[in-house]
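Architecture at a glance
Given next are the chains, with one letter for each unit.
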Amino acid sequence: MTKPKITVIGSINMDLVTETNVVPVQGETVRGENFHTIPGGKGANQAVAAARLGADVTMIGRVGDDAFGEELLNNLRNEHIHVDHVERLNQTPTGLANIILSDQDNRIIIVAGANGEVTTEYIEQVKQSILDSDYVLLQFEIPKETITFCIDFCQEHNIPVIINPAPAMELDNASWEKATYITPNETEKEQLFGDTLSEHLITTKGKDGVTFVEDRAEKSVPSHAVEVVDTTGAGDTFNGALAVALAEGKSLTEAVTFANAAAALSVGKMGAQGGMPTREQVLQFLR
Ligand code: ADP
């Protein structure tokens, strides 16, 4: 079987994770417990998920000409993702998420950096790889005008596109309607679509499964009972897996079942990309 071609247009971040028992107040300095850098960004995460599950993945995005950019590019290359269209910018830093993990609460500061420079002009330059794809995956960590531009472009050229509307942001109705599928989690669904029931919507509900509409009937697939270590990246795994299965021509129910299993496996390990399963692991799990 030839591998389905999936293009992910989106963010590439370095997560800077500081673990601390005490969160400093203004003007205070405290001693932290631990620090790690972890590759992230919803775009990159979904690209890694799809690649591990057997797709031929192209990433379209931008990073800085800094050490994080270099490391993130290498990380994508190690996953056999095509990075010819991940451009390095020398005036802009690599996107990052500054994450303070403490017992009481987590605090996160995201700086878009080069992700904010994934412009429509850049998409124009790399559009051939979009034209060559079986499925396109989009999330909301790049500029809004780029997102709507990509949706229009995919629709004009009959390329199916999955929109993962995370973090939540409103689009106009015309753009939502051009999506092949929209994959909010429960909170994003509530915020963006309220009670609307649409053929395009696939709603992920954490441990409560996934709901969607097929042949005008509302369907749901229950989550797998698994031991949870870290749910970061569960949604990204779901989206990457969904794109792979749909690009292979599976029915919607089959594709959701596959993605639901891949996402369940991903929560058993630390880190967004750390827990993403291979195709063999998902097939074994479903046996
Ligand atoms: P997000 O990570 O984007 O907030 P969800 O929390 O809805 O999205 O998780 C996405 C998918 O990951 C779920 O639909 C489910 O398939 C899987 N998943 C998430 N949490 C669990 C869990 N505790 N047990 C089993 N599967 C889970």
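One structure accompanies this document, and this report is about it. (Residues numbered from 1 in each chain as written. Predicted model: local features only at pLDDT ≥ 70, side-chain atom pairs only at ≥ 80, totals over all residues. Heavy atoms only, no water.)

1. Topic: the layout of surface pockets
For the second largest pocket, the calculated volume is near 190 Å³. For the lining of the second largest pocket, the elements supplying multiple residues, two or more each, are α7 (186-193) and β12 (210-214). A class-by-class count of the residues in the lining of the second largest pocket yields four nonpolar, five polar and six charged. (1 Å grid on protein atoms, 1.4 Å probe; cavity = no way out; pocket = protein on both sides within 12 Å on 5 of 7 lines; lining within 4 Å. Points joined across faces, edges and corners; volume = space filled by probe spheres on them. Helix = DSSP H or I, 4+ residues; strand = E, 2+ residues; numbered from the N terminus. Nonpolar A, V, L, I, M, F, W, Y, C, P; charged D, E, K, R; others polar.)

2. Some points on the state of the cysteines
According to the stated counting rule, one finds zero disulfides in the structure shown. No disulfide involves C150; its sulfur sits 6.5 Å from the nearest other cysteine sulfur, which is in C154. A residue is classified by how much of its surface remains accessible, and C150, at 1% relative accessible area, is buried. (Disulfide = S-S within 2.5 Å. Buried < 20%, exposed > 50% of the residue type's maximum accessible area, 1.4 Å probe, protein only.)

3. Observations concerning the packing of aromatic side chains
Throughout the structure, instances matching the rule amount to two aromatic pairs. Judged by centre distance (4.8 Å) and plane angle (65°), the rings of W176 and F193 are edge-to-face. One end of the pair, W176, is in helix α6 (residues 173-178); the other, F193, is in helix α7, with 17 residues separating them in the sequence. By relative accessible area, which is 6% here, W176 ends up buried. A relative accessible area of 12% means that F193 is categorised as buried. One aromatic cluster in this structure is built from F140, W176 and F193. Cation over ring: R62 sits above Y122, and NZ or CZ is 4.1 Å from the ring centre. (Phe/Tyr/Trp six-rings, centres within 6.5 Å; stacked < 30°, edge-to-face > 60°. Lys NZ or Arg CZ within 6 Å of the ring centre and 35° of its normal.)

Bear in mind that shape data such as this cannot, by itself, settle questions of function.
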